[in-house]
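The chain contents come next:
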Amino acid sequence: MKIHEYQGKQIFAKYGVPIPKGIPAMTVAEAEAAAKQLIEETGSPITVVKAQIHAGGRGKGGGVKVAKSAADAVELAKKILGMQLVTHQTGPAGQKVRRLYIEQGLDIARELYVAMLVDRDARRIAVIASTEGGMEIEKVAEEHPEKILKIWIEPAVGIAAYQARELAFQLGLGKESLGKFVKLLTTAYEAFTKEDMSLLEINPLVILKNGDVVALDAKINFDDNAEFRHTEWVGLLDEAEEDPVELEAGKAGLSYVSLDGNIGCLVNGAGLAMSTMDVIKLEGAEPANFLDVGGGANEEQVKKAFSMILQSPKVKGIFVNIFGGIMRCDVIANGIVAAAKGLDIKVPIVVRLEGTNVEIGKQILSDSGLKITPADSIADGAKKIVAAVKGA
Amino acid sequence: MAILVNKDTRVVFQGITGATGAFHARGCNAYGTNVVCGVTPGRGGEEFDLGPRPARPGEKPGDGPGVKVPVFNTVRDAVTKAGANASCIFVPPPGAADAIIEAFDAGIELVICITEGVPVMDMIKVRRVLEQRRAEGQKVRLVGPNCPGVITPGQCKIGIMPGHIHLPGNIGVVSRSGTLTYEAVGQLTRMGIGQSTCVGIGGDPVNGTDFIDVLELFAKDDETKGIILIGEIGGGAEERAAEWIKANLKKPVAAFIAGATAPPGKRMGHAGAIISGGKGTAEAKFKALEAAGVKISRSPATMAETLASML
């Protein structure tokens, strides 16, 4: 799960990670009030108007602007609020800006990059740092791998001060910033572990002219598996930022990803679902989605999954590929029949069932009167659905 | 022979009185697994009805007698009182990491965690404990979490896989994915090729057993004559396995990697299945494996065929 920068900074504040003063604003009026308040509190007329969307690259896309006065901030807020912000992470359609964050302006001396993430190969949390703050880190890693610094955190100890100091020296920080940098990393690591993050990215982390170390940005992803111990996450979710279909699927306990092709897939198990996409591609067509109904889906979830695929206008054919382990084939069949009931289904459907209660499942499908082409293997099913879609 | 589990493995089910734990404890018993007891804290002293087990040699063919096993409060009791040496965990995510560490500390040698949805922060700690125990010389292994389990066909099934699709034989299967493992096994069995042991290592980013751990065991196992390795996009486990195979493994290996068509940055169901920063693509994994002499099955439909062509 992703959250906005301003929400991330509220979490930073809770743990003592230094951040600039800032106030979220949902309207232009709120932006004006926020700018005035910040100007009064800081004694500086400079504020920054920042678009709040979940994608990165907001600055380059024109979603982050410096205002020289309160009036200036209002003009910028008018411009940014409601715009379609296009960044390298949003896709060409961009993302509509619905929230702003108004922040104090700072005297920045240097911009750095710091991130924490789960390094699956080391099975530890890794801290990544670079002198190339404000840049796309993927590009830096590709073009200047020597500029990417990395340390790994021993889970029984937590981040050791010496490790943070070593990073600071390698980043070329002066004595006046050393302790402040160590404090920032230590508090951020505490936030990472206690809040069950899977990614924490501060880009840029800034060194001010007075030597202070401040998190100018906060990009946070949470580990969805830990949701059960974070009831507060519900309040942080911004549904407008999510793909509506994926959101709906998630609520039904399904794992769904929209893709660009025209063959809808309903599969049990993530690996088999990916493979089903792969085999469709090998047959010369493109999948419309990734959909894993999981190992223990009930009839209601299968019904939901099947109707979601049916509702997508781009779907020209459906391939159901089930290898029942714990998933019973009769449950799948009943769900499909329930979803198709009363609908005039025009697209071809190919169903491959294997595993537990397969005969009952096949019987339910053939008794339903639905026009379903049975398949007896993953290859057979893929061939049949691709042929049916291309022939249509 | 085979690896990890056989007819002598004595299994405790942690979370045996929960709906899923009960269902699969009965399923494993019906397959012939030697289920010796269950653990549910607070339910110690109860008896759990596993239903009938298959007839053993010398008994009348068909269903054998019904099996009832004790439920204990702790895994330590399961080890000292019932002689359990392997554990199958169905404890829900909030208690899963604790259940795993309890099994380690009770002296269980093989801990298999089926539970899906364990927080990665918990797994980092579990992994740290596991490494510490092994460094101290304890004989302990964790498979999973978020995996289908381990099966040595005809002898012992610990997990949620459908037993009937398996056939005893000489092919080892190791996989990050559950249903895709069934797909490979189904293909093998249809061709009349049996399996020595099938191991699902799970789809989470931090887990207990890696490809290399299993490949090492298959390499030493005389019964295993060939191996199917099933990977997924994300991470570098397949690339590391390729390096190891190149340097160490003489047996034929066929591999499939799921997710060649997956777009970057999108999590494909498993928390571990995500291409990030251009790393972990199927193409990179295919390349690494091919360079190690592994034969690639580009389609999930030809995993068994690909291996058979090498035998």
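Every value quoted in this text rests on a predicted model; they were computed, and no experiment measured them.

### A closer look at the side chain of Arg176 of chain B
Residue placement: Arg176 of chain B occurs in the loop between strand E10 (168-175) and helix H5 (178-190). Engagement of the side chain of Arg176 of chain B in a polar contact is seen with the side chain of Glu238 of chain B, the distance being 2.5 Å.

### Observations concerning unusual backbone geometry
Cis geometry is found at the peptide bond from Asn203 of chain A to Pro204 of chain A, where omega equals 10°. Positionally, Pro204 of chain A belongs in strand E10 (residues 197-208). Residues Gly144 of chain B and Pro145 of chain B are joined by a peptide bond in cis, for which omega reads 10°. Summarising the element assignment, Pro145 of chain B is placed in the loop between strand E7 (141-143) and strand E8 (149-152). Located in the positive-phi region is Asp196 of chain A, a residue other than glycine, with phi close to 55°. For Asp196 of chain A, the position within the fold is in the loop between helix H6 (175-194) and E10.

### Here's the deal with the pattern of salt bridges
All names here are of chain A. Scanning all chains against the criterion turns up 43 salt bridges over all chains. Note that Glu103 and Lys9 form a salt bridge whose closest N and O atoms lie 2.5 Å from each other. With Glu103 in strand E6 (residues 100-104) and Lys9 in helix H1 (residues 5-15), the pair connects residues that are 94 residues apart, well separated along the chain. On the accessibility criterion, Lys9 (0% relative accessible area) is buried.

### Quick look at empty space enclosed by the protein
All told, the structure shown has two cavities of 30 Å³ or more when counted by the stated rule. Along the walls of the largest cavity sit 15 residues, with Arg120 of chain A together with Pro205, Asn207, Asp210 and Ala237 of chain B positioned nearest its centre. Of the residues assigned to the lining of the largest cavity, the class counts are three nonpolar, five polar and seven charged. It is strand E11 (residues 195-200) of chain B that contributes the most residues to the lining of the second largest cavity, three residues altogether. Looking at the lining of the second largest cavity residue by residue, the class counts come to six nonpolar, four polar and no charged.

### Focus: the sheet that holds strand E1 (residues 22-25) of chain A
Residues and elements named next belong to chain A. Read across the sheet, four strands follow the order E1-E6-E2-E3 without closing on themselves; strand pairing throughout is antiparallel. A strand with exactly one partner marks an edge of an open sheet, and here the two such strands are E1 and strand E3 (64-67). Taken pair by pair, the neighbouring strands of this sheet meet at an average axis angle of 20°, ignoring direction. Both strand E2 (residues 47-51) and E3 contribute to a ladder of four bridges, which runs antiparallel.

Reading the values: the criteria
- Residues numbered from 1 in each chain as written.
- Chains lettered and ligands numbered in written order.
- Predicted model: local features only at pLDDT ≥ 70, side-chain atom pairs only at ≥ 80, totals over all residues.
- Heavy atoms only, no water.
- Helix = DSSP H or I, 4+ residues; strand = E, 2+ residues; numbered from the N terminus.
- Polar contact = N/O pair within 3.5 Å; in protein donor to acceptor, adjacent residues only side chain to side chain.
- Salt bridge = Lys/Arg side-chain N within 4 Å of Asp/Glu carboxyl O.
- Buried < 20%, exposed > 50% of the residue type's maximum accessible area, 1.4 Å probe, protein only.
- 1 Å grid on protein atoms, 1.4 Å probe; cavity = no way out; pocket = protein on both sides within 12 Å on 5 of 7 lines; lining within 4 Å.
- Points joined across faces, edges and corners; volume = space filled by probe spheres on them.
- Nonpolar A, V, L, I, M, F, W, Y, C, P; charged D, E, K, R; others polar.
- Pairing = 2+ DSSP bridges.
- Axes fitted to C-alpha atoms, helices over the stretch in contact; angles between N-to-C directions.

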